[in-house]
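Each chain, letter by letter, is given below.
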Amino acid sequence: MSTVSDLTAQLQIISDELSDKALDILMQAHRRGETKRPDSERAITQARRAIEKAISLLGRTSSDD
């Protein structure tokens, strides 16, 4: 069974991957000459923020169960 720190590390990897994907979407939109943030980038960024919040909350736990 995974520990809280293991789960936190996995969430951090996911957060990093989402950040990379959001940046890729923004760069593609820029190359196409778009001036507004794509909806898909907004959704990915929102999901990344939720994961970052979960990481922060898990970091406050005192046990590693």
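Novice: Help me understand the overall build of the chain in this model?
Specialist: Helix and strand counts for the chain stand at two helices and zero strands. Taking 65 residues into account, the globule formula puts the C-alpha radius of gyration at 11 Å, and the chain, at 15 Å, lies well above it. In terms of overall dimensions, the chain has a C-alpha envelope of 50 × 15 × 15 Å along the principal axes. Accessible surface, the chain: about 4900 Å² in total, of which carbon and sulfur atoms supply 54%. Where the 10 positive side-chain charges of the chain centre and where its 11 negative ones centre are 11 Å apart.

Novice: What exactly am I supposed to notice about a nonpolar patch on the surface here?
Specialist: On the surface, a cluster of nonpolar side chains totalling about 250 Å² of accessible area is made up of L23, L26 and M27. In this structure, L23 sits in helix α1 (residues 4-31). Residue classification places L23 among the partly exposed positions, given a relative accessible area of 48%.

Novice: Is there a simple way to think about the side chain of T8 in this case?
Specialist: Of note, T8 is situated in helix α1. Classification of T8 as buried rests on a relative accessible area of 18%. Once residues lying within four places of it in the same chain are set aside, the contact partners of T8 are I55 and L58.

Novice: I tried to follow the pattern of salt bridges on my own but got confused; where do I start?
Specialist: Between side chains of opposite charge, pairing is possible as soon as their charged atoms come close. One pass over the structure, following the stated rule, counts three salt bridges. A salt bridge links D24 to K21; the nearest nitrogen and oxygen atoms lie 4.0 Å apart. Pair noted here: D24 and K21 are both in helix α1, with a separation of three residues, about one helical turn. When the shortest N-O distance is used, the salt bridge between E41 and R37 registers 2.7 Å.

Novice: Hey, could you run me through α1 in this one?
Specialist: Quick reminder: α-helices carry 3.6 residues per turn. Residues three or four places apart thus point the same way. For α1, which comprises 28 residues, the first-to-last C-alpha distance of 41 Å matches the rise-based estimate of 40 Å (1.5 Å per residue) to within 8%. Listed as buried for α1 are V4, T8, S15, A22, I25 and A29. Buried positions along α1 lie against α2 (39-59). Two residues or fewer past α1, G33 is found with a positive phi of approximately 85°.

Conventions used here
- Residues numbered from 1 in each chain as written.
- Predicted model: local features only at pLDDT ≥ 70, side-chain atom pairs only at ≥ 80, totals over all residues.
- Heavy atoms only, no water.
- Helix = DSSP H or I, 4+ residues; strand = E, 2+ residues; numbered from the N terminus.
- Rg over C-alpha atoms; globule rule 2.2 N^0.38 Å.
- Areas by Shrake-Rupley, 256 points an atom, 1.4 Å probe, with all protein chains shown as cover.
- Lys, Arg positive; Asp, Glu negative; His and termini not counted.
- Charge placed at Lys NZ, Arg CZ, Asp CG, Glu CD.
- Patch = residues over 30% accessible without salt bridge, like charges linked within 9 Å, V, L, I, M, F, W, Y side chains within 5 Å.
- Salt bridge = Lys/Arg side-chain N within 4 Å of Asp/Glu carboxyl O.
- Buried < 20%, exposed > 50% of the residue type's maximum accessible area, 1.4 Å probe, protein only.
- Contact = heavy atoms within 4.5 Å.
- Expected span 1.5 Å × (residues − 1).

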